[in-house]
Amino acid sequence: AKYLGGNNIQFYNVALQNQTQYHMEIEGDLRKAMQNHELEVFFQPKVNVHTKRIESAEALVRWRHPSRGLISPSEFIHIAEDSGLIAEIGKFVLLKSCQQAKKWADDDIATITVSVNVSAHQLRHENLPQAVGDVLKRTKLPENQLELELTESALMENLSAATALLTKLCALGVSISLDDFGTGYSSLSHLKLFPVDALKIDRSFIRDITSKQEDEAIVNAIIVLGHSLNLKVIAEGVENIKQLELLERLGCDEIQGYFIAKPLSAADMTHMLKQQTEF
Ligand code: C2E
Ligand code: CA
Ligand code: CA
Ligand code: CA
């Protein structure tokens, strides 16, 4: 038993060491990635259920790593948060997203809203209203074409600060969406407190919505609640037509997911928007 125990600890140490090493490697590479222009913003369309048109798109960062290939944000955003690099990445994504939305409008391709994810670290450490105001001024993007996606758990870290921050962002004229809605703590009391415009139902509730009665009931309740508070309700992770039809029936306002399109490069998104104008 002693031998086994010792062995297990050794395995554990090796695993931990590998993880730490990976973490450090990624962190080092990420610092360089910004300078080497390896980060890129992709866009995933959101379709308005009533007009059936793309009226907004979520900006999702991608990393073209020179040796590891395309790395998903779920693999590096938390590392970027821990090291503070997220500040720089966040500013980059915000600027690129606003520039792109302005370009689509200027080129007469489409006038759509871009939704940019904001992390907990950005809420804690940055003057977000200032950064957002600066980018809007710099890119000349109308403020109603920018939406920020924030999670409840990020806002929860400091309730009074969060309320003040949201009030300032609201005054700038940008929209606020509560991301991953339903997965955080005691959502309901915050809805009264936070000046938000939209609820984004977490993908985990959408996945089995057509087979699990409970999931349908939860999604239905979120939509009714959102609408009674005059909020727009968005569903993410819609992968098939059955999910889409059910969400439509339940009164969901916007749909996002692989069934419409995967996150696309700016060029591919431009192509998709162009096709839409021809309808
Ligand atoms: P999120 O904000 O919940 O973004 C939605 C995620 O779901 C995206 O993953 C998207 O590609 C994926 N998705 C969309 N439709 C479907 C679908 O139909 N099925 C499935 N299975 N997945 C779908 P992605 O791009 O890998 O991003 C993961 C997370 O990383 C995001 O989750 C967000 O929390 C974070 N993230 C991405 N870009 C940024 C960024 O620029 N800044 C910050 N702070 N976080 C970001
Ligand atoms: Ca999001
Ligand atoms: Ca989400
Ligand atoms: Ca999510």
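Summary of the structure given here. Please read these numbers as outputs of a predicted model, since none were measured by experiment. (Residues numbered from 1 in each chain as written. Chains lettered and ligands numbered in written order. Predicted model: local features only at pLDDT ≥ 70, side-chain atom pairs only at ≥ 80, totals over all residues. Heavy atoms only, no water.)

### Here we look at the overall build of the protein chain
And then number 1: Per the secondary structure count, the protein chain includes 12 helices and nine strands.
And then number 2: For the protein chain, the C-alpha atoms occupy an extent of roughly 65 × 45 × 40 Å along the three principal directions.
And then number 3: Across the 279 residues of the protein chain, 47% fall into the buried class.
And then number 4: Put simply, of all contacts in the protein chain between residues at least 6 apart along the chain, 67% involve residues at least 24 apart.
And then number 5: Summed over all atoms, the accessible surface of the protein chain reaches about 14500 Å², with 53% contributed by carbon and sulfur.
And then number 6: Averaging the coordinates of the 28 positive side-chain charges in the protein chain and doing the same for the 37 negative ones gives two points 3 Å apart. (Helix = DSSP H or I, 4+ residues; strand = E, 2+ residues; numbered from the N terminus. Buried < 20%, exposed > 50% of the residue type's maximum accessible area, 1.4 Å probe, protein only. Contact = heavy atoms within 4.5 Å. Areas by Shrake-Rupley, 256 points an atom, 1.4 Å probe, with all protein chains shown as cover. Lys, Arg positive; Asp, Glu negative; His and termini not counted. Charge placed at Lys NZ, Arg CZ, Asp CG, Glu CD.)

### A word on the coordination of the calcium ion (ligand 3)
Octahedral metals with six donors have ideal donor angles of 90 or 180 degrees. Tetrahedral metals with four donors have an ideal donor angle of 109.5 degrees.
And then number 1: Those donors, D179 (OD), D180 (OD), E236 (OE) and E236 (OE), are the protein atoms that reach the calcium ion (ligand 3), and they lie 2.3 to 2.6 Å from it.
And then number 2: Counting along the primary sequence, the residues that act as donors to the calcium ion (ligand 3) give the motif D-D-x55-E.
And then number 3: In this structure the calcium ion (ligand 2) is found 3.8 Å away from the calcium ion (ligand 3), and D179 serves as a bridging donor for the pair.
And then number 4: Exposure remark for D179: the relative accessible area of 7% places this residue in the buried category. (Donors = N, O, S within 2.8 Å, 3.2 Å for Na, K, Ca; no water.)

### Quick notes on the pattern of salt bridges
And then number 1: Enumeration according to the criterion identifies 15 salt bridges in this entry.
And then number 2: Between D208 and R207 there is a salt bridge, with the nearest N and O atoms lying 3.8 Å from each other.
And then number 3: A network of salt bridges, in which partner residues are shared, links K46, E58, E147, E149 and K200. (Salt bridge = Lys/Arg side-chain N within 4 Å of Asp/Glu carboxyl O.)

### Digging into empty space enclosed by the protein
And then number 1: Inspection of the entire model under this criterion finds one cavity of 30 Å³ or more.
And then number 2: Looking at the largest cavity, its volume works out to about 70 Å³.
And then number 3: If you trace the largest cavity, you find it lined by G90, K91, L94, V116, N117, V118, Q122, E126, L128, A131 and L148.
And then number 4: Looking at the lining of the largest cavity, the elements with two or more residues in it are helix 3 (86-106), strand 4 (113-117) and helix 5 (128-139).
And then number 5: Here the lining of the largest cavity takes three residues from helix 3, the largest share from any one element.
And then number 6: Each residue belonging to the lining of the largest cavity can be placed in one class, and the counts come to six nonpolar, three polar and two charged. (1 Å grid on protein atoms, 1.4 Å probe; cavity = no way out; pocket = protein on both sides within 12 Å on 5 of 7 lines; lining within 4 Å. Points joined across faces, edges and corners; volume = space filled by probe spheres on them. Nonpolar A, V, L, I, M, F, W, Y, C, P; charged D, E, K, R; others polar.)

### Observations concerning the pairing of strand 8 (residues 232-235)
And then number 1: Pairing geometry for strand 7 (residues 198-201) and strand 8, over four bridges, is parallel. Pairing of A198 across the sheet is with K232, part of strand 8.
And then number 2: Handedness of the strand 8-helix 11 (residues 241-250)-strand 9 (residues 254-256) crossover: right-handed. (Pairing = 2+ DSSP bridges. Right-handed = clockwise from strand over helix to strand, strands pointing away.)

### A word on the coordination of the calcium ion (ligand 2)
And then number 1: At this site the calcium ion (ligand 2) is bound by E58 (OE), N117 (OD1), E149 (OE) and D179 (OD), with donor distances of 2.2 to 2.3 Å.
And then number 2: All donors to the calcium ion (ligand 2) come from one chain, and their sequence spacing reads E-x58-N-x31-E-x29-D.
And then number 3: Under the relative-accessibility criterion, N117 is labelled partly exposed at 30%.

### Some details on the packing of helix 5 against helix 7 (residues 159-172)
And then number 1: In contact at an axis separation of 9 Å, helix 5 and helix 7 are set at 15 degrees when each is read in the N-to-C sense. As judged from the angle between their axes, helix 5 and helix 7 are roughly parallel. For helix 5 against helix 7, the interelement crossing comes out right-handed. On helix 7, the residues touching L128, P129, V132 and G133 of helix 5 are L165, K168, L169 and L172.
And then number 2: Tallied by class, residues from the contact of helix 5 with helix 7 come to six nonpolar, one polar and one charged. (Axes fitted to C-alpha atoms, helices over the stretch in contact; angles between N-to-C directions. Parallel < 35°, antiparallel > 145°, perpendicular 65-115°, else oblique. Left-handed = near helix turned anticlockwise from the far one by under 90°.)

### Remarks on the nonpolar core
Across soluble globular proteins, nonpolar side chains show a tendency to be buried alongside one another.
And then number 1: Ranked by size, the top nonpolar core spans 77 residues in total, and within it V132, L146, L148, L169, V219, L247 and M269 carry the most contacts.
And then number 2: Examining the composition of this core, we find that seven residues originate from one element, helix 3, more than from any other.
And then number 3: Residues contacting L169, with those up to four places away along its chain left out, are L128, P129, V132, L148, V174 and I176. (Core = buried A, V, L, I, M, F, W, Y, C linked by side-chain atoms within 4.5 Å.)

### Re helix 5
And then number 1: The end-to-end C-alpha separation of helix 5 is 16 Å, in line with the 16 Å expected for 12 residues at 1.5 Å each.
And then number 2: When we look at burial in helix 5, the residues that qualify are L128, P129, A131, V132, G133, V135, L136 and T139.
And then number 3: Packed against the buried residues of helix 5 are helix 3, helix 4 (120-125), strand 5 (146-151) and helix 7.
And then number 4: Trailing helix 5 by a residue or two, K140 shows a phi angle of about 60 degrees, which is positive. (Expected span 1.5 Å × (residues − 1).)

The quantities given are spatial measurements derived from coordinates; they are silent on function.
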